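The chain contents come next:
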Amino acid sequence: MKYAPRKVYIKESGGYVELTYKDFCRRRQADQSYMDKLFIPVQGCLLEVVREQYTDFYRDKERWRYLQKLDTNHSLLSLEGFTDSEGNVIDFIMDETVDIAETVVHAVTVDRLKAALPLLSDGELALIQAIFFEELSEREVGLRLGMTQSVVNKRKAKILAKLRKIIENKI
C-alpha cells in the first residue's frame, strides 16, 4: 500500500474490530501473531481476510493488471467500456445518409458569412480573426488589444449580432 490506511479491521471474537493504523502497528510490534494475518485494501482501509479470500483478491488483481498490459500492448478497445451514463451501449455505426437540405443551408450560410466579413470595420475584423481563426481566448485577445476580457466579450457579442443581421438581410 502506497500510503497509510485510514483504518484497519481485524477479526476478533467472531466480528471485526476497528483500529487506527497506529494502534494496529503497536499491536503488531507487541504480538507476533499479527504478522501472520492477511489483509486486503478496501476503500483506503485494510480488512483482515482468510487465506482463500486473500489469494482470490490478488489473483484477480494480477489478472486485471495482465489484461490491461495486453490491451495497452495491442491497442485493444473493449466495446463494453463505451456506455452512456445509464449503462446503454453507445451506437458506433454512423448514419451515412446525407441531408441534402442541411448541406445546402450550411453552404449558403458560409457564402453569406464570407460576403459579410468585409463589411466589418478593421477593428471588428481583427477581433473576429483573433477569436475564431487564431483561436485565442477572449482574455488573450484583450491583452493583445489592451482591453479587459469583459469588453472583448461585449464587442464580440455586438459584432456577431451585426453579422447575423447582415446575413439575415441578404435572404
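Scroll up for the structure.
Small disclaimer: the values here were computed from a predicted structure and weren't measured.

A. Representation of the packing of helix H4 (residues 122-133) against helix H5 (residues 138-145). Where H4 meets H5, the closest approach of the two axes is 10 Å, and the angle between their N-to-C directions is 140 degrees. As for the relative orientation of H4 and H5, their crossing is right-handed in sense. The residues of H5 that touch H4, namely those facing Leu127, Ala130 and Ile131, are Glu138, Val141, Arg144 and Leu145. Each residue belonging to the contact of H4 with H5 can be placed in one class, and the counts come to five nonpolar, no polar and two charged.

B. Up close: the sheet that holds strand E1 (residues 7-12). An order of E2-E1-E4-E3 is seen for the four strands of this open sheet, with the pairing classed as mixed. With one partner strand each, in any of the chains shown, strand E2 (15-20) and strand E3 (38-42) form the two edges of the open sheet. Geometrically, the sheet is characterised by an average inter-axis angle of 30 degrees between neighbouring strands, direction not taken into account. Across the face of the sheet, helix H1 (residues 21-30) comes into contact with E1, E2, E3 and strand E4 (45-49) while running at roughly 105 degrees to E2. This element, helix H2 (residues 51-74), spans E3 and E4 of the sheet and lies at about 45 degrees to E3.

C. Looking closely at the packing of aromatic side chains. Under the criterion given, the structure shown has five aromatic pairs. Aromatic pair phenylalanine 24 and tyrosine 34: ring centres 6.1 Å apart, planes at 70 degrees, arrangement edge-to-face. One end of the pair, phenylalanine 24, is in helix H1; the other, tyrosine 34, is in the loop between H1 and E3, with 10 residues separating them in the sequence. Assigned by exposure class, phenylalanine 24 and tyrosine 34 land together as buried. Ring centres 4.8 Å apart and planes at 85 degrees place the aromatic pair phenylalanine 57 and tyrosine 58 in the edge-to-face group. In this structure phenylalanine 57 comes out as partly exposed when scored by relative accessible area, which is 26%. Aromatic ring contacts, followed pair by pair, group Tyr21, Phe24, Tyr34 and Phe39 into a single cluster.

D. Focus on H2. When the terminal C-alpha atoms of H2 are compared, their 34 Å separation across 24 residues agrees well with the 34 Å that a helix rising 1.5 Å per residue should span. Phi for serine 75, located one or two positions after H2, is positive at around 50 degrees.

E. Representation of the pairing of E1 in the model. In terms of strand pairing, E1 meets E2 through six bridges, oriented antiparallel. Its bridge partner being in E2, tyrosine 9 is matched across the sheet by glutamate 18. Joining the antiparallel neighbours E1 and E2 is a turn of two residues, in which serine 13 adopts a positive phi near 55 degrees. Here E1 pairs with E4 via two bridges, running parallel. Looking at E4, one finds that tyrosine 9 is bridged to leucine 47.

Definitions and cut-offs
- Residues numbered from 1 in each chain as written.
- Predicted model: local features only at pLDDT ≥ 70, side-chain atom pairs only at ≥ 80, totals over all residues.
- Heavy atoms only, no water.
- Axes fitted to C-alpha atoms, helices over the stretch in contact; angles between N-to-C directions.
- Helix = DSSP H or I, 4+ residues; strand = E, 2+ residues; numbered from the N terminus.
- Left-handed = near helix turned anticlockwise from the far one by under 90°.
- Contact = heavy atoms within 4.5 Å.
- Nonpolar A, V, L, I, M, F, W, Y, C, P; charged D, E, K, R; others polar.
- Pairing = 2+ DSSP bridges.
- Phe/Tyr/Trp six-rings, centres within 6.5 Å; stacked < 30°, edge-to-face > 60°.
- Buried < 20%, exposed > 50% of the residue type's maximum accessible area, 1.4 Å probe, protein only.
- Expected span 1.5 Å × (residues − 1).

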